[in-house]
Amino acid sequence: MTETTTRRTGGRAARREARSNPLADNLRPVRPGLEGGTYRPLSPAAMERIHQAVLDALEQIGLADAPPSGVDYLIGAGAILGSDGRIRFPRALIEDTIARARKEITLFGRDPANDLQLHGNRVHYGTAGAAVHLIDIETRHYRDCTVQDLHDAARIADQLDNIHFVQRPMVCRDITDNREMDLNTIYGCCAGTTKHVGTSFTDPSYVADALEMLHLIAGGEDKWRERPFVSNSNCFVVPPMKFATESCLVMEACIAGGMPVLLLSAGQAGATAPAPIAGAIVQATAECLAGLVYVNAIKPGHPAIFGTWPFVSDLRTGAMSGGSGEQALLTAGCAQMHKYYGLPGGAAAGIADAKLPDMQAGWEQATSNVMAGLSGLNMVYEAAGMHASLLGFCHESLILGDDLIGQALRCTRGIEVDEDTVSLEVIRATCIGGPGHYLGAEQTLSRMQTDYVYPCLADRTSPKEWVELEKPDLILKARAKKEKILSERAPARFDPIIDAEIRKRFKIHLPA
């Protein structure tokens, strides 16, 4: 064995040892809340032009169909009810609302280690989407989702470092009663993860029951209100520029119950929103600002996520195209407008139009997830597991998405430049009287964990090693990881006494 080979073998051993030692959270190469914001598709002049168009739209066009209670709240705040039934928003009202709205939000997990700080350019990735089908990788078929599938998704997400929150990714199609479905959605998610959970409600009357369940889980209403670990994903508008009456009433009930809300405007460019990307951003921003007035008229400073969530159409067919480059641009532009107003915000990325976790899914999910992170989007929803333009969810794809998002977060983190990272003295010591390589350098060993992200499942072996390992398949590796996670007891499961009380009060469809 040559001296060079010995040095390299020793270097590999040292690097393996360095990689095996766990890092403190603040030293990990990627983690929740990394700062993005370096990618800005909109110039300052473009953001100002969008803002002026938003103000004009709210003042001149306004929104229709607010419920009577909403009309009262909005008029009381300074909005104007026209003879045509539309509510219009004077510029001063919008500007005052932005000034007093909450600029920093903590989304709590049941475990405080999973709390998310939303402000500035801090980036967090998670699930969402409410898919109606689960993708069976073995049969390559789509079937109706069940509450067990939803619970399993939450359990898997709970064990993935780069999935920071769990908003309902599937609809429980096996529960036909809407009240039971909404309550079992909360139970299934919260029993599967201690990360923050997002959910929605079919009817305003179901919110009280949900809050009763959450009080039981939290250990009392006071503890729930101190740390609300579930937020309401609320489609309070029906684009273009109309309030969704029932959803507005849900929002009012959730605010009264101390639940954070996601103000979600989900127009589709070319269908329910203007076809130009800038026009879709204008409409979504206007609708969310109207929602922000609504929230702050009910309870000033209530935690509300600015959920500009417009989608893109394939204008040849009118079908949604969540995996397109236009969608990635649209999401990044929305993130910039959140920063323009200084508001915590969220939008969609990571959606695949592909039906399976294949190469198409890879480029679609990676493009928008990376651009969302670079733009500094606080909450990146639908970031993993979503296929067929949100119609299908895949457990294996959720696991693969954890690797993908790890790379997106590393891009988000960017390049640190300081006296140590420019490495002049290390270059000098290596090149002048040194070994002529950096394999065993102290800097290399100290930086390999803090600066580099190593995928859990992605294959980086040589073709020879790949053959020796019997040509491992990425999907099969993801399935094996899924089966391992689901074979173990769920750490998030409730105390048996609390669980028994919940089951006594509500019809829970998951086995005990």
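Scoring rules and cut-offs
- Residues numbered from 1 in each chain as written.
- Predicted model: local features only at pLDDT ≥ 70, side-chain atom pairs only at ≥ 80, totals over all residues.
- Heavy atoms only, no water.
- Helix = DSSP H or I, 4+ residues; strand = E, 2+ residues; numbered from the N terminus.
- Polar contact = N/O pair within 3.5 Å; in protein donor to acceptor, adjacent residues only side chain to side chain.
- Contact = heavy atoms within 4.5 Å.
- Patch = residues over 30% accessible without salt bridge, like charges linked within 9 Å, V, L, I, M, F, W, Y side chains within 5 Å.
- Areas by Shrake-Rupley, 256 points an atom, 1.4 Å probe, with all protein chains shown as cover.
- Salt bridge = Lys/Arg side-chain N within 4 Å of Asp/Glu carboxyl O.
- Axes fitted to C-alpha atoms, helices over the stretch in contact; angles between N-to-C directions.
- Parallel < 35°, antiparallel > 145°, perpendicular 65-115°, else oblique.
- Nonpolar A, V, L, I, M, F, W, Y, C, P; charged D, E, K, R; others polar.
- Left-handed = near helix turned anticlockwise from the far one by under 90°.
- Pairing = 2+ DSSP bridges.
- Buried < 20%, exposed > 50% of the residue type's maximum accessible area, 1.4 Å probe, protein only.

Chemist: Looking at this structure, how should I read the side chain of Q327?
Modeler: With respect to the helices, strands and loops of the structure, Q327 is situated in helix α11 (residues 325–341). Among the polar contacts made by the side chain of Q327, one reaches the main-chain carbonyl oxygen of P310 at a distance of 3.1 Å. Those residues within four positions of Q327 in sequence are excluded, and the remaining contacts are P310, F311, V312, S321, G322 and A348.

Chemist: What exactly am I supposed to notice about a nonpolar patch on the surface here?
Modeler: Together, I415, V417, V422 and L424 make up a nonpolar patch on the protein surface, roughly 450 Å² of accessible area in all. Within the secondary structure layout, L424 lies in helix α14 (residues 424–431).

Chemist: It is not clear to me how the packing of helix α13 (residues 395–413) against helix α17 (residues 474–487) should be interpreted in this structure. Could you clarify?
Modeler: Two measures define how a pair of helices packs: the angle their axes make with one another and the distance between the axes. Running from amino to carboxyl end, α13 crosses α17 at an angle of 100°, the nearest separation of the two axes being 9 Å. Viewed along their axes, α13 and α17 adopt a mutual orientation that is roughly perpendicular. Contact residues: α13 offers H395, E396, I399 and L400, while α17 offers L474, I475, A478, R479, K481 and K482. For the contact of α13 with α17, the class distribution of residues is five nonpolar, one polar and four charged.

Chemist: What am I meant to see in the packing of helix α9 (residues 245–256) against helix α10 (residues 277–298) here?
Modeler: Contact geometry of α9 with α10 gives a least axis separation of 10 Å together with a crossing angle of 40°. Viewed along their axes, α9 and α10 adopt a mutual orientation that is oblique. Handedness of the crossing formed by α9 with α10: right-handed. Of the residues in α10, those touching α9 at C248, M251, E252 and I255 are Y294, V295 and I298. Per-class residue counts for the contact of α9 with α10 are six nonpolar, no polar and one charged.

Chemist: Explanation requested: the sheet that holds strand β8 (residues 141–144) in the structure shown.
Modeler: The pairing of strands in a sheet comes from backbone hydrogen bonds and takes either a parallel or an antiparallel form. Read from one edge of the open sheet, four strands run β8-β7-β20-β19, paired in mixed fashion. Edge positions in the sheet fall to β8 and β19 (386–387), since each has one partner strand and no second. Of the strand pairs in this sheet, strand β7 (residues 133–136) and strand β20 (residues 392–393) are connected by two bridges, and their pairing is parallel. Bridge assignment links L134 to a residue of β20, and that residue is F393.

Chemist: Could you clarify how one ought to interpret the sheet that holds strand β13 (residues 268–269) in this entry?
Modeler: Strand order in this open sheet of three strands is β13-β15-β16, and the pairing throughout is mixed. Pairing within the sheet leaves two strands with one partner each, and these edge strands are β13 and β16 (319–320). In the sheet, β13 pairs with strand β15 (residues 311–314) via two bridges, with the strands oriented parallel. Across the sheet, the residue bridging to A269 is V312, located in β15.

Chemist: I tried to follow the pattern of salt bridges on my own but got confused; where do I start?
Modeler: Pairing between side chains becomes possible if they bear opposite charge and their charged atoms approach one another. Applying the stated criterion across every chain yields a total of 20 salt bridges. Salt-bridge contacts for R173 lead to D144; the nearest nitrogen and oxygen are separated by 3.7 Å. With R173 in the loop between β9 (165–167) and α6 (178–190) and D144 in strand β8, this residue pair connects regions lying 29 residues apart in the sequence. Take R173: its relative accessible area is 37%, and that puts it in the partly exposed class. A salt bridge links R447 to D420; its shortest N-O distance comes to 2.7 Å. Residue R447 is located in helix α15 (residues 442–450), and its partner D420 is located in the loop between α13 and α14; the two are separated by 27 residues in the primary sequence. Overall, the relative accessible area of 37% leaves D420 in the partly exposed class. A cluster of three or more residues bridged by salt bridges with shared partners is formed by R413, E416, D420, R447 and D451.

Honestly, that's just the spatial picture; any functional story needs more than this.
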